[in-house]
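Take a look at the letters that make up each chain.
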Amino acid sequence: QVQLVESGGGLVQPGGSLRLSCAASGSIFSVNEMAWYRQAPGKERELVATITSSGGSTNYAESVKGRFTISRDNAKNTVTLQMNSLKSEDTAVYYCNAKVGRFVKWSWGQGTQVTVSS
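Remember, it's a predicted structure, so these values are computed and weren't measured experimentally.

This next bit is on the state of the cysteines. Taken as a whole, this structure holds one disulfide when the rule is applied. A disulfide bridge connects C22 with C96, and the sulfur atoms are separated by 1.7 Å. What sets the handedness of the C22 and C96 disulfide is the S-S torsion sign, and at about 40° it is right-handed. Of this pair, C22 sits in strand β3 (residues 18-24) while C96 sits in strand β9 (residues 92-100); the two residues are 74 residues apart in sequence, bridging distant segments of the chain. A single burial state applies to C22 and to C96, both of which are buried.

Encoded structure:
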């Protein structure tokens, strides 16, 4: 079973930036479409950004388009989410996973908390 470890979260002021990283164990990482998700308190987990296995195509939720950038390094089994111009509504626990249609492929990691507040 692949293990996912997210990191890079923290407390940041509105307008600030954070860079999240997700490390995945296992050699099968590179064949999977990867995604970042987030879950705010009292809300369901939502899809934030996706990236194809080669990294050649990305997609974003409307709420983060133009502010967030997803990337991956298949040699290092990592996927990254660069978050700029952060807003209070971006506050959530962020998770990564392999996306298979409407579902995810692996067990969730512990996530990384992002708090945007002045």
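Most of β9 is tucked away, with eight of its nine residues classed as buried. Inspection of the sheet shows strand β4 (residues 34-39) paired to β9 by six bridges, in the antiparallel sense. Each bridged residue has a counterpart across the sheet, and for R38 the counterpart in β9 is Y94. Summarising the sheet, β9 and strand β11 (residues 112-116) pair through three bridges and their orientation is antiparallel. Note that in β11 the partner of A92 across the bridge is V114. Here two bridges tie β9 to strand β10 (residues 103-104), and the two strands are oriented antiparallel to one another. Looking at β10, one finds that V100 is bridged to F103. Remark: two residues form the turn of the hairpin made by β9 and β10, two consecutive strands paired antiparallel; G101 in that turn has positive phi of roughly 60°.

Criteria and cut-off values
Residues numbered from 1 in each chain as written. Predicted model: local features only at pLDDT ≥ 70, side-chain atom pairs only at ≥ 80, totals over all residues. Heavy atoms only, no water. Disulfide = S-S within 2.5 Å. Helix = DSSP H or I, 4+ residues; strand = E, 2+ residues; numbered from the N terminus. Buried < 20%, exposed > 50% of the residue type's maximum accessible area, 1.4 Å probe, protein only. Pairing = 2+ DSSP bridges.

Purely spatial values, then, with no claim about function.
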